[in-house]
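Here is how the chains run, residue by residue.
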Amino acid sequence: QRILEEELGVLWKEMCPDRAYAVMVDPSTGAIMGLAQYPQFDPNDRTTMEDPDLCQNHILLQCYDPGSVMKAISLTGVLAAGVATLDTVKDCEKGYWVYNKKGLRDSHRFEDLTLSEVIQKSSNIGTAKFALDMGEERMYQHLSNFLFGKPTGLGFYPDGKAPVVFRQEAGGIFRELHQWDSLTLTRVPMGQGMTIPLLQIVQAWSALANNGIIMQPYLVDHVRYADGRMEYSVPRVKSQAVSAQAVAQMRKALVTVTEK
């Protein structure tokens, strides 16, 4: 937690954002290893707690358009459905493409890109075209499997007892399939047209690191009672969001993001 707050503090001073968040999680268990946000209050100085906004846990409450971090999650579904492989090529139209009378841009004038290169270069157009091949129903079901639009249930999960969770956690907005319009399939897979809290993104990416398995995130490791009794949170599997084989392929593509 201390490392996370120190590093986030450096970013806060350098970039001067309105807000900054960071979460570290063990994807194999769901244990939250650190959770920090700026601006924040100093628990040793109560005068910093006069602004109620600083005392809110915005990681659980603040929703936003996730943007390009959705691409890997969406295209994992394309791989799982057998619609394409990492080597399947799409024409990215030299950076500008019109679909249903609406333009979509890339940051560069990309031409032919494989699915792996679409991930590496974060191509909006490539992502949209692969999503169209998958179709609305399959893409909606795939993203629903990652539990977008539903509170994560972060809290304390003792063995054999009901969990204690943050009741005010936001669910965000992930529209039902019947609410999708003619552009939704080309926008939601790249993180537009939906608003969700950071913790849902963390939960989904943890599944990409955990062979497609979503673990229940938990914040409290254990409780020690006055009589010496100890109760520990027990890791719980939520679901298998996507096949391990598809996740393994996506991880190969994600490694290329760090390469030249």
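Residues numbered from 1 in each chain as written. Predicted model: local features only at pLDDT ≥ 70, side-chain atom pairs only at ≥ 80, totals over all residues. Heavy atoms only, no water.

**Q** Help me understand the overall build of the protein chain, please; the structure alone is not making it clear to me.
**A** Helix and strand counts for the protein chain come out as 10 helices and 14 strands. Radius of gyration (C-alpha) of the protein chain: 20 Å, near the 18 Å computed for a compact globule of 260 residues. The principal-axis extents of the C-alpha atoms in the protein chain amount to approximately 65 × 40 × 40 Å. Out of the 260 residues belonging to the protein chain, those deemed buried represent 44%. Looking at the protein chain alone, contacts between residues at least 24 apart form 68% of all its contacts between residues at least 6 apart. Approximately 13800 Å² of the protein chain is accessible, and the part contributed by carbon and sulfur atoms is 52%. Of the side chains in the protein chain, 26 bear a positive and 30 a negative charge, and the two mean positions are spaced by 4 Å. (Helix = DSSP H or I, 4+ residues; strand = E, 2+ residues; numbered from the N terminus. Rg over C-alpha atoms; globule rule 2.2 N^0.38 Å. Buried < 20%, exposed > 50% of the residue type's maximum accessible area, 1.4 Å probe, protein only. Contact = heavy atoms within 4.5 Å. Areas by Shrake-Rupley, 256 points an atom, 1.4 Å probe, with all protein chains shown as cover. Lys, Arg positive; Asp, Glu negative; His and termini not counted. Charge placed at Lys NZ, Arg CZ, Asp CG, Glu CD.)

**Q** What is the right way to read the pairing of strand β1 (residues 20-25) from this model?
**A** Looking along a regular strand, one sees side chains alternate from face to face of the sheet. Relative to strand β2 (residues 32-38), β1 runs antiparallel, the two being bridged by six bridges. Of the residues in β2, the one forming a bridge with Tyr21 is Gln37. (Pairing = 2+ DSSP bridges.)

**Q** What is the right way to read the packing of aromatic side chains from this model?
**A** A ring pair, where both rings are aromatic, is described by two values, the distance of the centres and the angle of the planes. Here the structure, examined in full by the defined rule, presents six aromatic pairs. An angle of 20° between the planes, with centres 6.3 Å apart, marks the rings of Phe146 and Phe148 as stacked. In terms of burial, Phe146 and Phe148 fall into one category: buried. One aromatic cluster is present, built from ring pairs that chain together Tyr140, Phe146, Phe148, Phe174 and Trp180. Here the basic side chain of Lys90 rests over the ring of Phe130, its NZ or CZ set 5.5 Å away from the ring centre. (Phe/Tyr/Trp six-rings, centres within 6.5 Å; stacked < 30°, edge-to-face > 60°. Lys NZ or Arg CZ within 6 Å of the ring centre and 35° of its normal.)

**Q** Which parts of the structure should I look at to understand the nonpolar core?
**A** Looking at soluble globular proteins, one finds that nonpolar side chains tend to be buried together. Membership of the largest hydrophobic core comes to 45 residues, with the highest contact counts inside it found for Leu115, Phe146 and Phe148. At the level of secondary structure, the elements contributing two or more residues to this core comprise α4 (70-80), α5 (115-121), α6 (124-134), α7 (136-145), α9 (198-209) and α10 (244-255). Of the residues forming this core, the biggest block, six residues, is contributed by α4. Beyond its immediate stretch of four places on either side in the chain, Phe146 contacts Ile73, Gln203, Ala204, Ala207, Leu208, Ile214, Ala241 and Val242. Counting nine residues, the second largest nonpolar core, distinct from the first, contains Ile32, Leu35, Leu198 and Leu199. (Core = buried A, V, L, I, M, F, W, Y, C linked by side-chain atoms within 4.5 Å.)

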